[in-house]
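Chain by chain, the residues run as shown.
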Amino acid sequence: MSSSSSSVVKICAMGATGVGKSHLLNTYAFGSSSLAIPPTMGVDFFTCKYRPHSTVRVQIYDTSGAERYYALCGAYYRSAHVLLLCYDLCVSEHLSMKQLNGQYNYLVDNNLLDKTVCVVGCKADLAMPVMQLSVPHWCNERGLPHHLTSAKDNVNVGPAIDSIIALHMAKELRQRSSINLSEPAPPPTAADWRGCCS
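A word on the pattern of salt bridges. Counted by the stated rule, this structure contains two salt bridges. A salt bridge links Asp88 to Lys123; the shortest N-O distance between them is 3.0 Å. Here Asp88 is found in strand E4 (residues 82-88), whereas its partner Lys123 is found in the loop between strand E5 (116-122) and helix H4 (134-142), with 35 residues between them in sequence. You can call Asp88 buried: its relative accessible area is 7%. Given the relative accessible area of 24%, Lys123 is considered partly exposed. Notably, a salt bridge pairs Arg142 with Glu141, separated by 3.4 Å at the nearest N-O pair. The class of Arg142 is partly exposed, set by a relative accessible area of 28%. Exposure remark for Glu141: the relative accessible area of 54% places this residue in the exposed category.

Turning our eyes to something else, we now look at unusual backbone geometry. We note that Lys123 has phi near 70°; this positive angle belongs to a residue other than glycine. One non-glycine residue, Asn156, lies in positive phi territory at about 65°. Positionally, Asn156 belongs in the loop between strand E6 (146-148) and helix H5 (157-177). The exposure class assigned to Asn156 is partly exposed, which follows from its relative accessible area of 28%.

We now examine the sheet that holds strand E2 (residues 43-49). In spatial order, the strands read E2-E3-E1-E4-E5-E6; together these six strands make up an open sheet with mixed pairing. Only two strands of the sheet have a single neighbouring strand rather than two, namely E2 and E6. Along the sheet, successive strands turn relative to each other by an average axial angle of 25°, direction set aside. Strand direction decides the pairing type here: strand E1 (residues 8-14) and strand E3 (residues 57-63), joined by six bridges, are parallel.

The subject of this paragraph is the packing of helix H3 (residues 93-109) against H4. Between H3 and H4, the shortest axis-to-axis distance is 10 Å and the interhelical angle comes to 20°. The angle between the axes of H3 and H4 places the two elements in the roughly parallel class. In this structure, H3 meets H4 at a crossing whose hand is right-handed. Contact residues: H3 offers Glu93, Met97, Leu100, Asn101 and Tyr104, while H4 offers Ser134, Val135, Trp138 and Arg142. Within the contact of H3 with H4, the residues separate by chemical class into five nonpolar, two polar and two charged.

The rules behind these values
Residues numbered from 1 in each chain as written. Predicted model: local features only at pLDDT ≥ 70, side-chain atom pairs only at ≥ 80, totals over all residues. Heavy atoms only, no water. Salt bridge = Lys/Arg side-chain N within 4 Å of Asp/Glu carboxyl O. Helix = DSSP H or I, 4+ residues; strand = E, 2+ residues; numbered from the N terminus. Buried < 20%, exposed > 50% of the residue type's maximum accessible area, 1.4 Å probe, protein only. Pairing = 2+ DSSP bridges. Axes fitted to C-alpha atoms, helices over the stretch in contact; angles between N-to-C directions. Parallel < 35°, antiparallel > 145°, perpendicular 65-115°, else oblique. Left-handed = near helix turned anticlockwise from the far one by under 90°. Contact = heavy atoms within 4.5 Å. Nonpolar A, V, L, I, M, F, W, Y, C, P; charged D, E, K, R; others polar.

As structure tokens, then:
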């Protein structure tokens, strides 16, 4: 990562109202989440340290899933490094696929697939494992990492988001390394060799 961005990683969660974005992000940042978190109005913001590297600060944007806030949230999606596509493991598979397809199409339509994107299933403590069989296949087809989490029981929340941040950092490192500094310079032309007295 570049020196200007290596100390900050911006994460933004996308998803319908009630899928569990706020509980997921609060559990990651603070280690637990109150069951009484009210619906997000617009965008909530907080920060925490990236545990594997304490010099890296994580800026977390918890966006509302309400349609009336879409225009506002779009600015945060564009500025984020990491986008979490969150869905609820306790609803029908049809509804989850509809919501995920909507989120993914939004990324395509707004040229946001250059971000580090990951799919996160929320409320694993309540879910029936057989309900969401299409989601892993959908993620594989698009090359998207997929994690199941439980904010209530704090299961796989830290490891999942930490691994997503690590993917982003590795991606930035690869982008920097893709500049081939070893490529030889073009041979000098006659104009390059011409001195002031020629």
